[in-house]
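Summary of structural features
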Amino acid sequence: MKKRWVPIIFIIAALILDFWVFDLLGITKYAPDCLTAVFAALALAYGIVPMALSGLILGLVIDAVANPYVGWTAAMLALTALAGGCLRGKYFADNAVIPGVTAAVLVFLRENIVYAFCKLMGRQVTGYAALLGTHMLPSAILTGLLCAGLYLIARKGGTPVERADMLRQEED
């Protein structure tokens, strides 16, 4: 498989899982956020700019079609790509742990922001401890694990030294 098709395949698969399969299975509460996992992994493997732009455009389309708040998904996908892409080329980030932790932390922070906004708007929301145990942590952990696996597939080929040499050549 050509390397340029990897992002397209990952994004399409994430959209299908997030918006169709998890809903059919009834596991949307604690399912991983596949789009966040994909954008964090791909930003680390391919760079900030292409993935942040893709996230912004895809997020705006998703928001226009499916969300009452236009811009939320776009901002989250672009910030995910920014967070993942900032680590590109760093010697300590050439493993599956760093993108996995990045995606997990981003999902956890996003869910906390959503919870805070719901509370500020006066909406009836489950208690924080219950939401933490039944939604936030399972979703963040599963997203991190998914992102780690996706990064291993996306970076495919070569030893860490060979990949570092390729990154240096791309910068020149």
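In what follows, the structure referred to is the one given above.
Everything quoted here is computed from the prediction, not taken from an experiment. (Residues numbered from 1 in each chain as written. Predicted model: local features only at pLDDT ≥ 70, side-chain atom pairs only at ≥ 80, totals over all residues. Heavy atoms only, no water.)

The next subject is the overall build of the protein. Secondary structure assignment for the protein yields 7 helices and 0 strands. Per-residue burial for the protein yields a buried fraction of 40% across its 172 residues. Put simply, of all contacts in the protein between residues at least 6 apart along the chain, 68% involve residues at least 24 apart. With an accessible surface of roughly 9,800 Å², the protein has 72% of that area assigned to carbon and sulfur atoms. (Helix = DSSP H or I, 4+ residues; strand = E, 2+ residues; numbered from the N terminus. Buried < 20%, exposed > 50% of the residue type's maximum accessible area, 1.4 Å probe, protein only. Contact = heavy atoms within 4.5 Å. Areas by Shrake-Rupley, 256 points an atom, 1.4 Å probe, with all protein chains shown as cover.)

Attention shifts here to the packing of helix α2 (residues 34–46) against helix α4 (residues 72–85). Across the interface, α2 lies against α4 with an axial gap of 7 Å and an inter-helix angle of 40 degrees. You can see that α2 and α4 cross each other, and the crossing is right-handed. Contact residues: α2 offers Leu35, Thr36, Phe39, Ala40, Ala43 and Leu44, while α4 offers Leu77, Thr80, Ala81, Gly84 and Gly85. When grouped by side-chain class, the residues that make up the contact of α2 with α4 number 7 nonpolar, 4 polar and no charged. (Axes fitted to C-alpha atoms, helices over the stretch in contact; angles between N-to-C directions. Left-handed = near helix turned anticlockwise from the far one by under 90°. Nonpolar A, V, L, I, M, F, W, Y, C, P; charged D, E, K, R; others polar.)

Checked against the element boundaries, Gly84 lands in helix α4. Residue class for Gly84 comes out buried when judged on its relative accessible area of 4%. Note: C-alpha distance between Gly84 and Thr102 (18 residues apart in sequence) is 6.7 Å. Not counting the four nearest positions on each side in its chain, Gly84 is found in contact with Ala40, Ala43, Leu44 and Thr102.

All right, on to helix α3 (residues 48–66) then. An ideal rise of 1.5 Å per residue puts 27 Å on 19 residues; α3 measures up with 26 Å between its terminal C-alpha atoms. Among the residues making up α3, those that are buried are Met51, Ala52, Gly55, Leu58, Gly59, Ile62 and Asp63. Seen end-on, α3 carries its buried residues on one side only, within an arc spanning 140 degrees. Within α3, the exposed residues directed more than 90 degrees away from the buried face are Val49, Ile57, Ala64 and Val65. On its buried side, α3 packs onto α1 (6–25), α2 and α4. (Expected span 1.5 Å × (residues − 1). Arc of directions from axis to C-beta.)

The next thing to look at is the environment of Ser54. You can see Ser54 is positioned in helix α3. A relative accessible area of 30% means that Ser54 is categorised as partly exposed. Within the local environment of Ser54, its side chain forms a polar contact with the backbone oxygen of Pro50, the two atoms lying 2.7 Å apart. (Polar contact = N/O pair within 3.5 Å; in protein donor to acceptor, adjacent residues only side chain to side chain.)

As a further point, take helix α6 (residues 128–154). Considering bend angle alone, the principal kink of α6 is centred on Met136 and spans about 30 degrees; proline Pro138 follows within four residues of it. Those residues of α6 that fall on the buried side of the exposure criterion are Leu131, His135, Met136, Ser139, Ala140, Thr143, Gly144, Cys147, Ala148, Leu150, Tyr151 and Ala154. Those residues of α6 that are buried lie in contact with α1, α2 and α5 (97–120). (Bend = angle between axes of the 7 residues up to and from the residue.)

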